[in-house]
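Structural overview for review
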Amino acid sequence: MPPYSSSCLVLLLAVSSLVSPSSGLIASEPVSALLKTHADGISKLKSICAEQLGPAALESEPYSNDVFFLRYCLSSPEESEQTDRLQTNLAWRSSSAGQSICQAATTALAQATQQGGWDNAPVINAAPHSDLITKYITPSNVVTTTSNQQDLVYCIRAGQIDDVALMDAVSIPQMVDFFLYAKEINAQVANQRSLQSDKLVCVVTANDLAGVKLVGGSADFRKALGESSKQANDLYPATNGPTLLLNLPKLLSALVKLFTPLFSPEVKARLKFEQGPLKDVDDLQQVASTASGAARSTFVKQLDDIVYSG
């Protein structure tokens, strides 16, 4: 087997860790109907939250939004599993690391939306280790946008991130905290918009792999990405949508058929390999929700065809 194949395998296995078994388009029913259907379960989970964090917690984000608890109900038909997952997550949220991340996200989100629109500056400024990380991770290579179906779409171009220099500047735990903060922001926005739109909003991940190095790169960056995604799959139940792997290099694309049998059936069902979307986009800010023009129009149309058709 050629020497580069092991690097390809590491990359693909790292990507598979981003996909939870419960990923996918979560539910088609209106949120108002889902809240009624799961009213008893939500009430029980809110009681657990009040016992664990205190009754006042239910008066503030994210716990004041019933969609937060609804996602636990949708994550498993077993009440014991819902309870265990919530208790574990609340323990993390009340730990020093989790509390810092979640409080920063809640405050930043309030500031970002206080004028009725969206100001990204407070979100960026409040991110853990932002002064170090945002030198390398910018809106040009990582951006969250919105699909025509109102789902959030987290776009990332790993090939445009100088991951070696980045990981020389920060530790793996610091990088993990940064990624978890971004996921907390997205989760809170998804819950808020679910109530506003009466549609359960999920987060679709679009990995544009054009330019990704098949050999080299930072192993520490891959570790941070994998660890944060693993934690997020547990921390944000029934939130992840499909994971799109876009514009794979020809060599990697050819090897996909060799390595995908190593993935679980659930993971394979949620991964979508496509060529085209984002291919002709120079800067990811061109597909941001606030952008106008052909690049965004084309991208959201392609998302409709890939994610929502069939």
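What counts as what
- Residues numbered from 1 in each chain as written.
- Predicted model: local features only at pLDDT ≥ 70, side-chain atom pairs only at ≥ 80, totals over all residues.
- Heavy atoms only, no water.
- Helix = DSSP H or I, 4+ residues; strand = E, 2+ residues; numbered from the N terminus.
- Expected span 1.5 Å × (residues − 1).
- Buried < 20%, exposed > 50% of the residue type's maximum accessible area, 1.4 Å probe, protein only.
- Contact = heavy atoms within 4.5 Å.
- Core = buried A, V, L, I, M, F, W, Y, C linked by side-chain atoms within 4.5 Å.
- 1 Å grid on protein atoms, 1.4 Å probe; cavity = no way out; pocket = protein on both sides within 12 Å on 5 of 7 lines; lining within 4 Å.
- Points joined across faces, edges and corners; volume = space filled by probe spheres on them.

- The protein chain is annotated in an unreviewed UniProt entry as CRAL-TRIO domain-containing protein from Seminavis robusta.

**Considerations on helix α3 (residues 39–53)**
- With 15 residues, α3 should reach 21 Å at 1.5 Å per residue; the first-to-last C-alpha distance of 21 Å fits that figure.
- Here α3 has its buried residues at Ile42, Leu45, Ile48, Cys49 and Ala50.
- On its buried face, α3 is in contact with α2 (31–37), α4 (66–75) and α5 (79–93).
- Once α3 ends, the next one or two residues include Gly54, with phi positive near 100°.

**Re the nonpolar core**
- Ile137, Leu166, Met175 and Tyr181 are the most contacted members of the largest nonpolar core, which totals 36 residues.
- Where this core is concerned, the elements lending two or more residues are α6 (96–112), β2 (152–156), α9 (163–169), α10 (172–197) and α11 (219–235).

**With respect to the layout of surface pockets**
- If you add up the space inside the largest pocket, you get close to 950 Å³.
- Contributing to the lining of the largest pocket are 35 residues, with Trp118, Asn120, Val123, Val143 and Thr144 lying nearest its centre.
- Mapped onto the lining of the largest pocket, the elements with two or more residues apiece are α7 (120–126), β1 (142–146), β2 and α10.
- Ranked by residue count, the leading element in the lining of the largest pocket is α10, at ten residues.

**A word on α5**
- Taking 1.5 Å of rise per residue, the 15 residues of α5 would be expected to cover 21 Å, and the 21 Å separating its terminal C-alpha atoms lies within 8% of that figure.
- Taken together, the buried positions of α5 are occupied by Gln82, Thr83, Leu86, Asn89, Leu90, Trp92 and Arg93.
- Those residues of α5 that are buried lie in contact with α3, α4, α6, α10 and α11.

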